Amino acid sequence: MPELPEVETVRRGLSPVLEGRVIARAQVNRPDLRWPFPEGMADRLTGARVIRLGRRSKYLLADLDTGETLIWHLGMSGRVLVSGQILGEFVHAHPAPEKHDHVVLDIEGGARITFNDPRRFGAMDLIATDRLETHRLLAGLGPEPLGNAFDEPYLVARLRGRMTPIKAALLDQHVVAGLGNIYVCEALHRAGISPKRQAGRIAAPRAARLVPVIRDVLAEAIEAGGSSLRDYRRTDGELGYFQHAFRAYGRAGAPCPTPGCPGTIGRLVQSGRSTFYCPRCQR
Ligand SMILES: [Zn+2]
């Protein structure tokens, strides 16, 4: 499941291919992914110029000069391939069409963007740009974790009085947008806060510390994604997935990497999802 840093990596890889360019042809090979595509999507995309490629939470947002914005979610298994465009020193030839190539965008100048999504949990929708914030997928989202609205007083206030475990509170998209299981585990480990701790019972200074920690964890992953982007350009033009060294996530049984901590990373299940944490230094 791509998390925010992976989506941001895809955005950064796509923006030089898309921004300022016209979609010469949009090919939509099935009526739906997770939900039906909007009516006439191929026609509404064909001929449109992409003004800006942004991101909100885990959604890519392509503002078009037609007054609409394309909302694009990569789903669980979605892959984005860029071909026919000079990326760094390399040009990737257009690959042979594959079975799960559901949407193919030919961009003026010769680039092609292919969205392949075998499990079809991805989504695309179009909405008038001036009504974007009212879209059902975006309305009610909390602040961006890397944005200015997500600051210490905000988080302390949002956690106050909450009876849920801190892990669940940070996964709540109304509290902060775009955080998923992996980076919540990493942030709690780095902040030394137990994932089981009741959110409302964390002292304000410790809760506040989560803000810079979350920003750091995400920024480092985006940085790693940036390096992988350069590598991927050398391999096959695929964007978005990269190896990243985690301190807690996926490391059950390994020694805790916190300096001086003799603990071992453990695993527990919360709300059906695996939590990785150190029972010694996370309190
Ligand atoms: Zn530890």
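Reference entry: report on the structure contained in this document. None of the values given here were measured: they were computed from a predicted structure. (Residues numbered from 1 in each chain as written. Predicted model: local features only at pLDDT ≥ 70, side-chain atom pairs only at ≥ 80, totals over all residues. Heavy atoms only, no water.)

For the structure on display, the rule yields five aromatic pairs. With centroids separated by 5.3 Å and ring planes inclined at 80 degrees, the aromatic side chains of tryptophan 72 and phenylalanine 115 adopt a geometry described as edge-to-face. Taken as a pair, tryptophan 72 in strand S4 (residues 68–73) and phenylalanine 115 in strand S9 (residues 112–116) lie far apart in primary sequence, 43 residues in all. A residue is classified by how much of its surface remains accessible, and tryptophan 72, at 3% relative accessible area, is buried. The buried category is assigned to phenylalanine 115, whose relative accessible area is 1%. Relative to phenylalanine 246, the ring of tyrosine 183 lies with its centre 5.9 Å away and its plane at 70 degrees, an arrangement referred to as edge-to-face. Of this pair, tyrosine 183 sits in helix H5 (residues 181–191) while phenylalanine 246 sits in the loop between strand S11 (238–239) and strand S12 (266–270); the two residues are 63 residues apart in sequence, bridging distant segments of the chain. Residue classification places phenylalanine 246 among the partly exposed residues on the basis of a relative accessible area of 22%. In textbook terms, an aromatic cluster arises when at least three aromatic residues are bridged by ring pairs, as seen for Tyr183, Phe246, Tyr249 and Phe276. Above the plane of the ring of tryptophan 35 lies arginine 136, whose end atom (NZ or CZ) is 4.4 Å from the centre. (Phe/Tyr/Trp six-rings, centres within 6.5 Å; stacked < 30°, edge-to-face > 60°. Helix = DSSP H or I, 4+ residues; strand = E, 2+ residues; numbered from the N terminus. Buried < 20%, exposed > 50% of the residue type's maximum accessible area, 1.4 Å probe, protein only. Lys NZ or Arg CZ within 6 Å of the ring centre and 35° of its normal.)

So, about the side chain of serine 194. Relative to the helices and strands, serine 194 resides in the loop between H5 and helix H6 (204–235). Residue serine 194 is classed as buried on the basis of its relative accessible area of 8%. Apart from the residues within four sequence positions on either side, serine 194 is in contact with Ile166, Gln282 and Arg283. (Contact = heavy atoms within 4.5 Å.)

Now for the coordination of the zinc ion. Bound to the zinc ion on the protein side are Cys256 (SG), Cys261 (SG), Cys278 (SG) and Cys281 (SG), at distances that span 2.3 Å. The site at the zinc ion holds four donor atoms, and with the angles between them running 104 to 115 degrees, its shape is tetrahedral. (Donors = N, O, S within 2.8 Å, 3.2 Å for Na, K, Ca; no water. Tetrahedral: all angles 85-135°; square planar, octahedral: opposite > 155°, others 65-115°.)

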